[in-house]
Amino acid sequence: MAAKTGIIKTTTVKAYITNAKKMRTQAAAVKKLIEDFDTVLEAVIVEAVALAKAAKRNTVMKVDVAAAVEKYLKKTDLTWDQTATQVIKHNPTDLGKISKTILEWISAHENPTRKRK
């Protein structure tokens, strides 16, 4: 798969790792890094452009990029609704496994019932 944006160059990545980290690189490792990062970079750019257009601007501003980076690169806790949406995307077999794991966790962490005297 070729890089979509063409922003990240193989020679740049190899030179950086060689010079800054004093390590050699395998061509397949560099290719994988570029492909994966390029996919994320494209998603961030598309999101930033959409935000700028939504604000009726033809200039991508720092706030657009910050929001796009936050959305695609920053780890945040999901709200319950977001979590449910992500869980429901799984197939029925995986949903059964998720349900079983949740029930096992609840059983392991619930307070034992107190015995009456």
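Fair warning: this is a prediction, and the values are worked out from it, not measured in the lab.

Peer 1: What am I meant to see in a nonpolar patch on the surface here?
Peer 2: Together, I7, I45, V49, V60 and V65 give the surface a local cluster of nonpolar side chains, amounting to about 360 Å² of exposed area. Look at V49 and you get partly exposed, because its relative accessible area is 31%.

Peer 1: Please clarify how helix 5 (residues 92–109) should be interpreted in this entry.
Peer 2: Along an α-helix, residues three or four apart share an orientation, since each turn contains 3.6 residues. If you check helix 5, its first and last C-alpha atoms are 26 Å apart, about what 18 residues at 1.5 Å a residue would give, namely 26 Å. By the N-cap criterion, in which a side-chain oxygen at the helix start approaches the backbone nitrogen of a residue two or three places on, helix 5 is capped by N91, the distance to T93 being 3.0 Å.

Peer 1: What is the right way to look at the packing of helix 1 (residues 10–21) against helix 2 (residues 27–54) in this model?
Peer 2: Helix-helix packing is described using two parameters, namely the angle between the two axes and the distance between the axes. Interhelical geometry of helix 1 versus helix 2 gives an angle of 115° and a closest axis separation of 10 Å. Seen along the crossing, helix 1 lies across helix 2 with a hand that is right-handed. Along its contact with helix 1, which presents T10, V13 and K14, the element helix 2 presents V30, L33 and I34. When grouped by side-chain class, the residues that make up the contact of helix 1 with helix 2 number four nonpolar, one polar and one charged.

Peer 1: How do you make sense of the environment of G6 when you look at a structure like this?
Peer 2: Within the secondary structure, G6 sits in the segment before helix 1. Residues G6 and K53 lie 47 residues apart in sequence; the distance between their C-alpha atoms is 23 Å.

Peer 1: It is not clear to me how the pattern of salt bridges should be interpreted in this structure. Could you clarify?
Peer 2: Working definition: two side chains of opposite charge can pair if their charged atoms are close together. Taken as a whole and judged by the stated rule, the model has five salt bridges. Close ionic contact of K32 with D36 constitutes a salt bridge, the shortest N to O distance being 2.9 Å. Placement of both K32 and D36 in helix 2 is noted, with a separation of four residues, approximately one turn of the helix.

What counts as what
Numbering of residues begins from 1 in every chain and follows the order in which that chain's sequence is written. A pLDDT threshold of at least 70 governs which residues receive local features in this predicted model, and a stricter bar of 80 or more applies before side-chain atom pairs are shown or counted, although totals over entire chains, interfaces and linings include all residues. Each side-chain value is derived from all of the structure's non-hydrogen atoms; neither hydrogens nor water enter the calculation. Patches draw on residues past 30% relative accessible area with no salt bridge. Two like charges within 9 Å are joined, as are two nonpolar side chains (Val, Leu, Ile, Met, Phe, Trp, Tyr) within 5 Å. In short, Shrake-Rupley with a 1.4 Å probe defines the accessible areas, and a residue's cover is counted only from the protein chains shown. A pairing counts as a salt bridge when a side-chain nitrogen of Lys or Arg comes within 4 Å of a carboxyl oxygen of Asp or Glu. Type-normalised accessible area, obtained with a 1.4 Å probe on protein chains alone, sets the label of each residue: buried when under 20%, exposed when over 50%, and partly exposed for intermediate values. Where helices and strands are cited, they refer to DSSP runs of H or I of at least four residues and of E of at least two residues respectively, numbered from the N terminus. Any helix carries an expected span of 1.5 Å times its number of residues minus one. Polar contact is defined as a pair of N or O atoms within 3.5 Å, subject to the rule that within protein one atom must be able to donate a hydrogen and the other to accept it, and that residues adjacent in sequence are counted only when both atoms are side-chain atoms. Axes here refer to lines fitted to C-alpha atoms; in helices the fit is confined to the stretch in contact. Angles between the N-to-C directions go from 0 to 180 degrees. Crossings are sorted by hand: turned counterclockwise from the far helix by less than a right angle, the near helix makes the crossing left-handed, and turned clockwise it makes it right-handed. We call two residues in contact whenever any of their non-hydrogen atoms come within 4.5 Å of each other. Gly is put with the polar residues, along with every residue not named as nonpolar or charged; the nonpolar set is Ala, Val, Leu, Ile, Met, Phe, Trp, Tyr, Cys and Pro, and the charged set is Asp, Glu, Lys and Arg.

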